[in-house]
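Each chain, letter by letter, is given below.
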Amino acid sequence: MEPLDCVVIGYNEGDFQDYRAMCEGSGAGSPTLQIYSKEYLEVDGRHHSFMDGLSVLRNKATGRNDRYHVGEVHNLAGLYLSNFLRKAGFTAEAVSVFSAEQERLADLLERDPVVVAVTTTFYVNIMPVLPVIDFIREFAPDAHIVVGGPLVDNICLDGLGEMAQGLLHGMGADSYIVESQGEGALVELIGALKQGRSPEGLANVVTLQGGAWVSGPKKPEANNIDHASIDWSGFSPELIGRTAQTRTARSCAFKCSFCDYPMRAGALTTSSVETVRHELRKMAELGVKNLVFVDDTFNVPPKRFKELCRMLIEEDLGLNWYSYFRCSNARDEETFDLAAASGCRGVFLGIESGDQDILANMNKLAQDAQYRNGIAELKKRGITTFASIIVGFPGENETTIQNTIDFLNETGPTFWRAQAWWGNPKAPVYQRKEIHGIEGEAYNWSHRTMNSREAAQWCDVMFEKVTESVWLPLYDFDFWALPYLDGKGMKVDDLLPILRVSQEIMRERGKAVPDSLRIAALNDDLHKAVATVDMAPSRFEFATA
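Novice: Describe the overall build of the chain, with residues and values.
Specialist: In terms of regular secondary structure, the chain is built from 22 helices and 20 strands. With the C-alpha coordinates aligned to their principal axes, the bounding extent of the chain is approximately 65 × 55 × 55 Å. Of all 545 residues assigned to the chain, the portion counted as buried reaches 55%. Counting only contacts in the chain whose residues sit at least 6 apart along the sequence, the fraction spanning at least 24 positions is 75%. In the structure as shown, the chain presents an accessible area of about 22400 Å², 50% of it carried by carbon and sulfur atoms.

Novice: Hey, could you go over the pairing of strand β13 (residues 290–293) for me, with residue numbers and the actual values?
Specialist: Residue alternation in β13 divides its side chains into two sets, N290 and V292 and L291 and F293, and both sets are buried. Pairing of β13 with strand β14 (residues 320–325), which is carried by four bridges, proceeds in the parallel orientation. Considered in β14, the bridge of V292 is made with Y322. Following the backbone out of β13, through helix α13 (residues 302–315) and into the adjacent parallel β14, one traces a crossover that is right-handed.

Novice: Any details on the layout of surface pockets? Residues and values, ideally.
Specialist: The space that makes up the second largest pocket amounts to roughly 360 Å³. Here the residues of the lining of the second largest pocket are counted per class, giving eight nonpolar, six polar and seven charged.

Novice: For the packing of helix α12 (residues 273–286) against α13, give the residues involved together with the corresponding values.
Specialist: Put simply, α12 and α13 touch, their axes get as near as 10 Å, and they point 35° apart. For the element pair α12 and α13, the recorded crossing hand is right-handed. The residues of α13 that touch α12, namely those facing V273, V276, R277, L280 and R281, are R304, E307, L308, M311, L312, E314 and E315. Counted by class, the contact of α12 with α13 contains six nonpolar, no polar and six charged residues.

Novice: Describe unusual backbone geometry, listing the residues and the values that go with them.
Specialist: The residue after V300, namely P301, is reached through a cis peptide bond having omega -5°. Position of P301 relative to the elements: it lies in the loop between β13 and α13. Backbone geometry places E352, a non-glycine residue, at a positive phi of 70°. Its place among the elements puts E352 in strand β15 (residues 344–352). The backbone of D478 shows a phi angle near 65°, a positive value even though the residue is not glycine. For D478, a relative accessible area of 14% puts it in the buried group.

Novice: Describe the sheet that holds strand β10 (residues 243–246), with residues and values.
Specialist: Read from one edge to the other, the open sheet built from seven strands follows the order β10-β13-β14-β15-β16-β17-β20, with strand pairing classed as parallel. The open sheet has two edge strands with one neighbour each: β10 and β20 (470–471). In this sheet, β20 lies alongside strand β17 (residues 415–420) in parallel orientation, the contact comprising two bridges. Counted as the bridge partner of F415 is V470 from β20.

Novice: Can you lay out the packing of aromatic side chains for me, pointing to particular residues and giving the numbers?
Specialist: A complete count under the given rule lists 36 aromatic pairs for this structure. Considering the side-chain rings of Y176 and W213, the 5.0 Å spacing of their centres and the 75° angle between planes classify their relative orientation as edge-to-face. Here the residue Y176 occupies a position in strand β7 (residues 175–177), and W213 occupies one in strand β9 (residues 212–215), the gap between them amounting to 37 residues. On the basis of relative accessibility, which here comes to 0%, the residue Y176 falls in the buried class. Through a chain of ring-to-ring contacts, three or more aromatic side chains come together here, namely F293, F298, F305, W321, F325 and F336. Across the ring face of Y80, the terminal group of R247 is positioned such that the distance to the ring centre comes to 4.6 Å. The lysine or arginine in question, R326, covers the ring of F254, its NZ or CZ lying 3.5 Å from the ring centre.

Novice: Residues and numbers for the packing of helix α3 (residues 50–62) against helix α22 (residues 516–531), please.
Specialist: Close contact between α3 and α22 brings their axes to 9 Å; oriented N to C, the two are set at 75°. As the angle between them shows, α3 and α22 are arranged roughly perpendicular. On the side of α3, the interface is formed by L54, L57, R58 and A61, while α22 contributes L526, H527, V530 and A531. Class assignment of the residues belonging to the contact of α3 with α22 gives a composition of six nonpolar, one polar and one charged.

Novice: Could you give an account of the nonpolar core, with specific residues and numbers?
Specialist: L186 and W321 are the most contacted members of the largest nonpolar core, which totals 128 residues. A per-element tally of this core places helix α21 (residues 492–509) first, with seven residues. In this structure, L186 is in contact with L81, L85, V115, A117, V146 and I177, ignoring residues within four places of it in sequence. Listed in part, the 34 residues of the second largest apolar core include I9, L109, V132 and A173.

Novice: If you had to explain the sheet that holds strand β6 (residues 144–148) to someone new, which residues and values would you point to?
Specialist: Ordered by their spatial adjacency, seven strands build an open sheet running β4-β1-β5-β6-β7-β8-β9, and the pairing between neighbours is mixed. The two strands at the open ends of the sheet, each matched to only one other strand, are β4 (92–97) and β9. If you compare each strand with its neighbour and ignore which way they point, the axes differ by 25° on average. Summarising the sheet, strand β1 (residues 6–11) and β4 pair through five bridges and their orientation is parallel. The residue bridging C6 from the neighbouring strand is A92, located in β4. In this fold helix α6 (residues 129–139) packs onto β1, β5 (115–118) and β6, with an angle of close to 160° to the strand it touches most, β6.

Novice: Outline a negative patch on the surface, supporting the account with residue identities and numerical values.
Specialist: On the surface, a cluster of negative charge is contributed by E103, D107, E110, D112 and D142. With respect to the secondary-structure elements, D142 resides in the loop between α6 and β6.

Novice: Can you tell me about the state of the cysteines, naming the residues and giving the values?
Specialist: Applying the stated rule across the entire model yields zero disulfides. Distance from the sulfur of C156, which forms no disulfide, to the nearest cysteine sulfur (C6) is 19 Å. Free cysteine C327: the closest other cysteine sulfur is in C344, separated by 11 Å. Classification of C327 by relative accessible area gives buried; the value is 3%.

Rules used in this analysis
- Residues numbered from 1 in each chain as written.
- Predicted model: local features only at pLDDT ≥ 70, side-chain atom pairs only at ≥ 80, totals over all residues.
- Heavy atoms only, no water.
- Helix = DSSP H or I, 4+ residues; strand = E, 2+ residues; numbered from the N terminus.
- Buried < 20%, exposed > 50% of the residue type's maximum accessible area, 1.4 Å probe, protein only.
- Contact = heavy atoms within 4.5 Å.
- Areas by Shrake-Rupley, 256 points an atom, 1.4 Å probe, with all protein chains shown as cover.
- Pairing = 2+ DSSP bridges.
- Right-handed = clockwise from strand over helix to strand, strands pointing away.
- 1 Å grid on protein atoms, 1.4 Å probe; cavity = no way out; pocket = protein on both sides within 12 Å on 5 of 7 lines; lining within 4 Å.
- Points joined across faces, edges and corners; volume = space filled by probe spheres on them.
- Nonpolar A, V, L, I, M, F, W, Y, C, P; charged D, E, K, R; others polar.
- Axes fitted to C-alpha atoms, helices over the stretch in contact; angles between N-to-C directions.
- Left-handed = near helix turned anticlockwise from the far one by under 90°.
- Phe/Tyr/Trp six-rings, centres within 6.5 Å; stacked < 30°, edge-to-face > 60°.
- Lys NZ or Arg CZ within 6 Å of the ring centre and 35° of its normal.
- Parallel < 35°, antiparallel > 145°, perpendicular 65-115°, else oblique.
- Core = buried A, V, L, I, M, F, W, Y, C linked by side-chain atoms within 4.5 Å.
- Patch = residues over 30% accessible without salt bridge, like charges linked within 9 Å, V, L, I, M, F, W, Y side chains within 5 Å.
- Salt bridge = Lys/Arg side-chain N within 4 Å of Asp/Glu carboxyl O.
- Lys, Arg positive; Asp, Glu negative; His and termini not counted.
- Charge placed at Lys NZ, Arg CZ, Asp CG, Glu CD.
- Disulfide = S-S within 2.5 Å.

In short, geometric facts, not functional conclusions.
Structure (structure tokens):
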């Protein structure tokens, strides 16, 4: 079996029961426990993540052992990095989801990789990394483990002080890459190790020297996005499946005050329309039917978005697509017409608030009228809409929350979800913390008009009062489950009744004195709704004892 230069490991969502314990341990009234209360399905007395719960109910009807998981849509970071390494002349393979692909990962580790790279997109602490590194040490003890991505960037943002040193030691990797891109640093690291050289002193690489973590020189990367486009012909149809993620841009053109991503990722950089055309042709040849564009604002710049839509129409590859979408930048009917004609089936709308003052505090550069018009135009063309809402941003109060409730009921997006604001101390709003009276961070904060526990309570109020849109779970689900489930045969019209009855179950079990008979009846309705959907088998299965 051919040795490997690198194995890239994508996402590790962790154990749901550990997540449950963490949420319950945060205490009554905490935002984390409030979020959890709207995340799980209870089947046979056991709490499951929403997707796992659907899988268990399906298996009761089919007798199979399917584990439906959004990770079947292969982790884009893993594909992108392994593709980048291949273009640099190395052999590389990627694993999408650690928890669901341990057998495949073990097989890859048996090929004695020189380096195993662990990505950290979406992680807010080091806990998901620990079991991954333990697994690598067991199956490939001689491999050099490098960890990179947003988690490492955040840990090292203020330098390699005592806290950063402790966290890097705690993860237990051999080195770390600190760079918002980092692909070039990974290439240099693998090259050095293959030549028997020490990685000490490599640009953007942190290594252990004399018991302390020491960074090589900082050298910002500006990798050419066209050159780094994915050669999809290098991956098998079985690995990619019917639904796949891709990107056409890096970073974000906007500077919302709750988000630090543009500061870390640099200026917005876009690939050419011809590069996208070539990628999509190869993806269609693999059998991809549903595309997920992960660009932070796919319809920005507006002129380029129209060019991409026209290209999709011209190519006529039979592809449906889903993306983030910014209503404030969809300024004419042609934009919506082109989106629909080119295969748009669903969009993630970062609405954040239905109150104009809160939008101004967030620096959203969007008007209420633009949101209302955008949702109406999308719905008119049969495009699924998901409205994401932040509750408790500085300035939030009962009136602003009622305005958001009214907005959701009046516009009626297909799906919605609200979460308490997560206080990111690196975000621009913290530069005005004295003005807003912000104290604390993460899910433990207060400011002049609200605190985090009050925000959690208001999320529950909204859950009850928003009646013209359907709640969408977050953990292991989110908007990005829609194209995945569509690829398995569960359409939005199939999912809506399942979510509606699930929402009624959540409402009933949230009462001071839940009606157990009503919950049992609703569970019967849920089981029947799931059983009636004809779904293709999953690629993953539940582990058997």
